[in-house]
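Each chain is listed here by its residues.
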Amino acid sequence: MLVYEIIRKKLDGEENTAEEIRQLVDGFVRGEVAAEQMAAWLAAVYIRGLSDDETWWLTEAMAKSGRMIDLSSIEGIKVDKHSTGGVGDKVSVVVVPLVASAGVPVAKLTGRALGHTGGTADKLESIPGMRLNLSEEEFVTQVKRIGCAIAVATEDIAPADKKIYALRDKTATIASIPLIVSSILSKKLAGGADAFVFDVKFGDGAFMRRLEDARALAEGLVRTAKLAGKKVVAVLSSMEQPLGYAIGNAVEIAEAIDVLKGGGPTDVRELCIAISAQMLWLGGAVTNPEEGQSKARELLDSGMALEKFRQLVAAQGGDTKVLDEPLRLPQPSHKAEVPAEQTGVVMSIATRQLGLIAGQLGAGRLGAAEVDPAAGIVLLKKVGDQVEAGESLAILQSNKPIDNELIAKVRASFAIGEVAQKLPILAGFVQ
Ligand code: URA
């Protein structure tokens, strides 16, 4: 069929067939479908939407546009998790070894920092020697040997997504649920797991600001993953304030290690337990998520999850001594405290803004600059906490001198008032 006719059908609100969608995606990747044609189809999808079947056909075509990792030689139900991105999100560092320590294989492909959000690959690479660029053979062999591996997703994973995303970014078509679903899920499907837990975040620091939009995305991910024949659950979690206290790379690894030792901030622990419980259930280690919760707590408190993390770090060349001596993690040459100007209660935290500032301190990938593993922000106060004038709200860290302007911006990110409730981390599940 002519590409013109594929676009016309979608513009007129008709359904495209699987073959038409495949032809469009493959043609675009090969350079046979022009960018203006793809842009017109994406705009039509943005306005008309896609049926569940169309969303699945698009996802499948995008997943198959590149290398599909074959995990079939690994025994058991392979489980993966994905977060839609946030500030201070170190959950993967905890849940991958946690779930693997119960015998459920976890083969996780992960990304790098993007915009105001951090990347698990950058965080783990702050551990001296830790290597994330594993070959497929190393990745699979490691999961067989120790039960888990975390590798950075290479360029040949769902290349159609990269090309389509760049076009969506230029044509104001990012905010379309079926396009977001196919973008996220195509990369996950190419990673080869049998079951997925999606951590769909909402709030100021999330991709989806409103809970109802996050829920719609979670529902789309769940319906489409089921059409792909996968087991799936989505968790809705708050990004109305950073997760935990640490934002950056080494600082987040130190906080994740605290959680793996049975401590750490309550919100991080609670979210890690909720996500692990679903992964343990989908992976067949427990008979229901409630049992998964007790199991996850037990694995954290007994040190089993920490031992699995030690194996993971060792297998990927990292210095395992950081687990016992976190000060071996990269430390910054500059630190600056952010004193509060008034007494009161923290009412809200401009989370997205803090993510961007952490990036400016060197924790993210702004421009071509290298990531500074020691850069970041350590919060001392969260929403609902009492603060006295002059008391520190946060500590900024970097290997370059810290601008007074950044300190002022961090101070302005905290709204201080009279009364505020602590924010819950979980807002529900979709399955
Ligand atoms: N994250 C993705 O990977 N893709 C989108 O389209 C949006 C967020």
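The residue numbers shown here count from 1 along each chain, following its written sequence. With pLDDT at 70 or above as the cut-off, local features in this predicted model cover only qualifying residues; side-chain atom pairs require 80 or more to be listed or tallied, and sums for whole chains, interfaces and linings still use all residues. Only hydrogens and water are set aside when side-chain values are computed; all heavy atoms of the structure are taken into account.

A. Structural detail: the site of the ligand. Being near a molecule or strand, for a residue, means having at least one of its heavy atoms within 4 Å of it. Around the ligand, a shell composed of Y165, R168, I180, S183, I184, K187 and F207 is seen. R168 places a side-chain nitrogen or oxygen 2.9 Å from an oxygen atom of the ligand. In this structure, K187 approaches the ligand through a side-chain N or O atom, which is 2.6 Å from an oxygen atom. Relative to its unbound accessible area of 230 Å², the ligand is 85% covered by the protein chains. Mapped onto the shell around the ligand, the elements with two or more residues apiece are α8 (159–170) and α9 (177–190). At 4 residues, the largest contribution of residues to the shell around the ligand is made by α9. Its residues assigned to classes, the shell around the ligand shows 4 nonpolar, 1 polar and 2 charged. N or O atoms within 3.5 Å of each other form a polar contact, as long as, within protein, one can give a hydrogen and the other can take it, and as long as residues adjacent in sequence are counted only when both atoms are side-chain atoms. Using the Shrake-Rupley algorithm and a 1.4 Å probe, accessible areas are obtained, with residue cover drawn only from the displayed protein chains. Put simply, DSSP H or I for four residues or longer makes a helix, DSSP E for two residues or longer makes a strand, and each gets a number counted from the N terminus. Charged residues are taken to be Asp, Glu, Lys and Arg, nonpolar residues to be Ala, Val, Leu, Ile, Met, Phe, Trp, Tyr, Cys and Pro, and polar residues to be all remaining types, Gly included.

B. Representation of the domain arrangement of the chain. The start and end points of each domain follow an automatic or database-based domain assignment. For the chain, the assigned domains read domain 1 (3–49), domain 2 (79–323) and domain 3 (330–417). Of note, the centres of domain 1 and domain 2, computed from C-alpha atoms alone, are 32 Å apart. Taken together, the contacts link 11 residues of domain 1 with 12 residues of domain 2. Between domain 1 and domain 2, the buried area comes to about 1,000 Å², and carbon and sulfur atoms account for 85% of it. By the criterion of area lost to domain 2, the three top residues of domain 1 are F28, L42 and Y46, representing 55% of everything that side buries. Note on contacts: a residue pair is in contact if any heavy atoms of the two residues lie within 4.5 Å. When two components associate, each loses some accessible surface as probed by a 1.4 Å sphere; the sum of these losses over both components is called the buried area.

C. Examining the sheet that holds strand β11 (residues 392–398) more closely. Reading across from one edge, β6-β9-β11-β7 is the order of the 4 strands in this open sheet, with antiparallel pairing throughout. Where the open sheet ends on each side, the last strands, each with one partner, are β6 (246–248) and β7 (334–339). With direction set aside, neighbouring strand axes in the sheet form an average angle of 15°. Only when DSSP finds a minimum of two bridges between them are two strands counted as paired. Where β7 and β11 come together, 6 bridges link them in antiparallel fashion. Bridge pairing in β11 links V338 to A394. Whenever a helix is involved, its axis is fitted only over the stretch in contact; in every case the axis is a line through C-alpha atoms, and angles between N-to-C directions fall within 0 to 180 degrees. Packing against the sheet, helix α15 (residues 351–363) makes contact with β6, β9 (376–379) and β11, and its axis sits at approximately 130° to β9. Helix α16 (residues 404–413) rests against β7, β9 and β11 of the sheet, and its axis sits at about 40° to β7.

D. Broad picture of the nonpolar core. One finds L124, I127, F309, I377, L396 and V410 to be the most contacted residues of the largest nonpolar core, which totals 80 residues. If you count residues domain by domain, this core takes at least three from each of domain 2 (79–323) and domain 3 (330–417). If sequence neighbours within four positions are ignored, L124 has contacts with V93, M130, L132, I150, I253 and F309. Core analysis: the second largest hydrophobic core is formed by 23 residues, W56, L185, V222 and A234 among them. Remark: nonpolar core denotes a set of buried residues (Ala, Val, Leu, Ile, Met, Phe, Trp, Tyr, Cys) joined through side-chain atoms within 4.5 Å. Residue exposure (1.4 Å probe, protein chains only): buried if accessible area is under 20% of the type maximum, exposed if over 50%, otherwise partly exposed.

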